[in-house]
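An overview of the molecular structure
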Amino acid sequence: MAPRRKCPVCGSKQWHKDSSSGLVACSEGHVIQNFRNESGETQELGNYTMRKRTLKSGHKKGARQSRADPKLYHGERARFHYYQCLQLVLRKQIAALIALWDLPPEFETVCRDTWALHLTLLPRPPPAEPYHHLREQKGNNPDAGDTKPLLDNLDESKSDDDDGDGPQSSSSSSEEEDPELAELLRENSEISSSDEDKEKDNTSQKHGWSQCWTIRLPVMYKDFINVIESYELPYLDFLRLLPSDMTCHLTKHAASALSPHFPPSTLYIHRLASRLAKLMYANYGVFTPELNASPVLWRVVQQCLGGTPTLYRLAKRLGRILSLPLTLHHSLSPTLRCALGDPEMQLYDNVPPELALVATAIVVLKLVYGLDGKPRLPRDVEDPASAFPDVHGYLSAFRGMSEADTRHNEKRFSSRVPMSTGDMDLATIDEFLNFCERVLVQPPRGESDQQILDNYFPLSTESGGARLEVIVPHSIVKGLSATKINVGETTVLQPGESYTIYHSRDVLGNLPEEQALIITRSAKWVGVGDDYLCGVVERFERRLRRWYYRERRREKEEQDSEGEGLFDGTDD
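What to know about the overall build of the protein chain
A tally of helices and strands in the protein chain yields 18 helices and two strands. Of the roughly 35,000 Å² of accessible surface on the protein chain, a fraction of 51% belongs to carbon and sulfur atoms.

This is the structure we're talking about:
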């Protein structure tokens, strides 16, 4: 290319080259002198030609080094290891329940069988990860001959399992899809969004409750929650109790899932337990028996409501009229049939059984007392309401039971009880420190030197103040006077008269003070919300109303038929 210089004649800097002659001239046509144009083109090539090429070195760039911890498991291996940790959690909880409630040794056997059934009912059962891991090691190391017999045995066992349990596992996988699990996200940590991962945080509690039903133990969901909050049942922060050779392989998500910070709610455990019972019956024909209702109903009457045997008898009779389901799932009860005209008739039939018994007892109290501020007195001595205590004394004692709940030694340190250390006396602070020592600094295994000294050579604590007396809330309701008989006063309502049904979804309405007092304590005793308990009570009241009008209609038809028969006999 021509240099960017001025033309010595005209001073122009614009140059161009003539393609034919090879001369370089400016824009005015002045030819630049002493310019040589050489061409590098060759017409004939010799035997040797120089060519330029790029030489690549044989050095390979090193692969990017992973910073991941090689001890941590991932994928299917991590999933199998997680279920191993859950199985160890279940074994420790079974041992704790047997020692705490003096359960028979068959309880552990039933729990093991149910755990095996639960694993087969998962959409993706835990894989045979040890087998796959050994197979990978054999593929990477062909000289490893010691693992061949073990792999052959595993192949045979795997083929036997496939021949025997193949159809059942496929049917359980197809029936495992349940949209109800989409509502089960709570405060517990979750490590994935699959169906089986949503429920594995509370898998141990689900199995424990189901097996208590199987051996007919009169326990409630709240009993499990209470022993969990008191750290008598291993559940909260359980990771510190696992051996180190298992915790070293857990990722942070799996570790957080094994250490929930809050106990499960009553409704959450019931959903999982009822679903497990339904699937076991649908896939394997394993029927979970009904609740041992008589002891549980007596606990509801005595401990929750502070009632009398008369309340127990009336609640039991009303429960038979309402057709209360006493199974884990309402589909397991063959006596329940939905009415054609009322699709929501069995809306609350899948509630926890103790909640249904509490709602039934509350309906009986409303029939006797009204709980709306209006007095109701029986007019006959044979009326069952005459055996109930006076309404004013009963409500006063019931308020005392609610206040005593916060002073109960077994529940005072619960996370649901608001308590400040500034309001504690010396004896309560000592108990709280002992509770923290037992929960936080107790060694995971063995017995420390300090525990040996405390057990065999205890120090005297008489000067530290006397321990608070254990307060049993339901023991307050005693020595109450009976309800008076109404004689001659026609303006006073009778029990069951002018019964009011309150709509539970009326957010702007308020319950009467008497009914709100009973609803609040009963819901707290069962472990549900006030609105949910009001919905159950309303549904049972409307069901009782339909039964009442149906019975009156049937009696009227019988009287009419008898009257027609007598009239026909008179004509003859």
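On we go.
Regarding the confidence of the model for the protein chain
Averaged over every residue, the pLDDT of the protein chain is 75; the share at 70 or more is 70%. Mean pLDDT across the secondary structure elements of the protein chain bottoms out at helix 4 (residues 148–175), with 38, and peaks at helix 13 (residues 353–369), with 94. Segment residues 141–201: pLDDT under 50, and 88 contacts once partners within four positions in sequence are set aside and those in other chains are kept.

Side note on the packing of aromatic side chains
Geometry of an aromatic ring pair is reported as the spacing of the ring centres plus the angle between the planes. Within this structure, the stated rule accounts for nine aromatic pairs. A ring pair is formed by tyrosine 231 and phenylalanine 435, whose centres lie 6.1 Å apart and whose planes are at 70°; its orientation type is edge-to-face. Placement of tyrosine 231 in the loop between helix 7 (221–229) and helix 8 (244–247) and of phenylalanine 435 in helix 15 (residues 426–440) is noted, with a sequence separation of 204 residues between them. On the basis of relative accessible area, tyrosine 231 is assigned to the partly exposed category, the value being 32%.

Comments concerning the side chain of glutamine 93
Turning to its location among the elements, glutamine 93 is positioned in helix 1 (residues 75–101). Separated by 2.6 Å, the side chain of glutamine 93 and the backbone oxygen of proline 234 make a polar contact.

Section: the nonpolar core
Judged by nonpolar contacts, the single largest core of 56 residues is most densely connected at Leu305, Leu365, Ile518 and Leu533. Mapped onto this core, the elements with two or more residues apiece are helix 10 (266–284), helix 11 (293–304), helix 12 (309–322), helix 13, helix 14 (391–405), helix 17 (513–526) and helix 18 (530–571). The element that contributes the greatest number of residues to this core is helix 13, accounting for twelve residues. What isoleucine 518 contacts, discounting residues up to four positions off in sequence, is Leu305, Ile362, Leu365, Leu371, Tyr394, Leu395 and Phe398. Listed in part, the 31 residues of the second largest apolar core include Ile94, Phe107, Cys111 and Tyr235.

Points about a nonpolar patch on the surface
On the surface, Val381, Ile485 and Val487 cluster together to form a nonpolar patch covering roughly 300 Å² of accessible area. Exposure remark for isoleucine 485: the relative accessible area of 32% places this residue in the partly exposed category.

Looking at the packing of helix 12 against helix 13
What describes two packed helices is the angle between their axes and the distance between those same axes. Orientation of helix 12 relative to helix 13, taken along the N-to-C sense of each, is 115°, at an axis distance of 9 Å. Classified by the angle between their axes, helix 12 and helix 13 sit roughly perpendicular to one another. Classified by chirality, the crossing of helix 13 by helix 12 is right-handed. Between helix 12 and helix 13, the contacting residues are Leu311, Leu314, Ala315, Leu318, Gly319 and Leu322 on the first element and Thr360, Ala361, Val363, Val364 and Leu365 on the second. Per-class residue counts for the contact of helix 12 with helix 13 are nine nonpolar, two polar and no charged.

What to know about the pattern of salt bridges
Evaluated as defined, the whole model comprises eleven salt bridges. Measuring nitrogen to oxygen at the nearest pair gives 3.1 Å for the salt bridge that ties arginine 542 to glutamate 538. Remark: glutamate 538 and arginine 542 occur in helix 18; sequence separation between them is four residues, near one turn of the helix. The exposure class assigned to arginine 542 is partly exposed, which follows from its relative accessible area of 29%. In this structure glutamate 538 comes out as buried when scored by relative accessible area, which is 7%. Linking glutamate 558 and arginine 554 is a salt bridge whose minimum nitrogen-to-oxygen distance equals 2.9 Å. Of this pair, glutamate 558 and arginine 554 both sit in helix 18, separated by four residues, roughly a single helical turn.

Section: the packing of helix 1 against helix 7
Between helix 1 and helix 7, the shortest axis-to-axis distance is 13 Å and the interhelical angle comes to 100°. Here helix 7 runs roughly perpendicular to helix 1, going by the angle between their axes. Residues Leu97, Leu100 and Trp101 of helix 1 pack against Asp223, Phe224 and Val227 of helix 7. Broken down by class, the residue content of the contact of helix 1 with helix 7 amounts to five nonpolar, no polar and one charged.

Description of helix 2 (residues 106–121)
Along an α-helix, residues three or four positions apart point the same way, because every turn accommodates 3.6 residues. Over its 16 residues, helix 2 extends 23 Å from the first C-alpha to the last, a length consistent with the 22 Å expected when each residue adds 1.5 Å. Buried residues of helix 2: Phe107, Cys111, Thr114, Trp115, His118, Leu119 and Leu121, and no others. Across the axial projection of helix 2, the buried residues extend over an arc of 155°, all falling on one side.

Notes on the environment of aspartate 237
Its place among the elements puts aspartate 237 in the loop between helix 7 and helix 8. The class of aspartate 237 is partly exposed, set by a relative accessible area of 38%. Placed 24 residues apart in sequence, aspartate 237 and histidine 261 show a C-alpha to C-alpha distance of 6.7 Å. Excluding its chain neighbours within four sequence positions, the residues that come into contact with aspartate 237 are Ser259 and Pro260.

As for the environment of methionine 280
Looking at the secondary structure, you find methionine 280 in helix 10. Measuring from C-alpha to C-alpha, the distance between methionine 280 and histidine 118 comes to 8.0 Å, with 162 residues separating the pair along the chain. Apart from the residues lying within four places of it in its own chain, the contact partners of methionine 280 are Thr114, Leu117, Leu121, Gly285, Val286 and Thr288.

Details of unusual backbone geometry
Of note in this structure, tyrosine 231 is not a glycine but carries a positive phi near 60°. Here serine 498, not a glycine, exhibits a phi torsion of approximately 55°, which is positive.

Cut-off values and rules
Residues numbered from 1 in each chain as written. Predicted model: local features only at pLDDT ≥ 70, side-chain atom pairs only at ≥ 80, totals over all residues. Heavy atoms only, no water. Helix = DSSP H or I, 4+ residues; strand = E, 2+ residues; numbered from the N terminus. Areas by Shrake-Rupley, 256 points an atom, 1.4 Å probe, with all protein chains shown as cover. pLDDT = per-residue confidence, 0-100. Contact = heavy atoms within 4.5 Å. Phe/Tyr/Trp six-rings, centres within 6.5 Å; stacked < 30°, edge-to-face > 60°. Buried < 20%, exposed > 50% of the residue type's maximum accessible area, 1.4 Å probe, protein only. Polar contact = N/O pair within 3.5 Å; in protein donor to acceptor, adjacent residues only side chain to side chain. Core = buried A, V, L, I, M, F, W, Y, C linked by side-chain atoms within 4.5 Å. Patch = residues over 30% accessible without salt bridge, like charges linked within 9 Å, V, L, I, M, F, W, Y side chains within 5 Å. Salt bridge = Lys/Arg side-chain N within 4 Å of Asp/Glu carboxyl O. Axes fitted to C-alpha atoms, helices over the stretch in contact; angles between N-to-C directions. Parallel < 35°, antiparallel > 145°, perpendicular 65-115°, else oblique. Left-handed = near helix turned anticlockwise from the far one by under 90°. Nonpolar A, V, L, I, M, F, W, Y, C, P; charged D, E, K, R; others polar. Expected span 1.5 Å × (residues − 1). Arc of directions from axis to C-beta.

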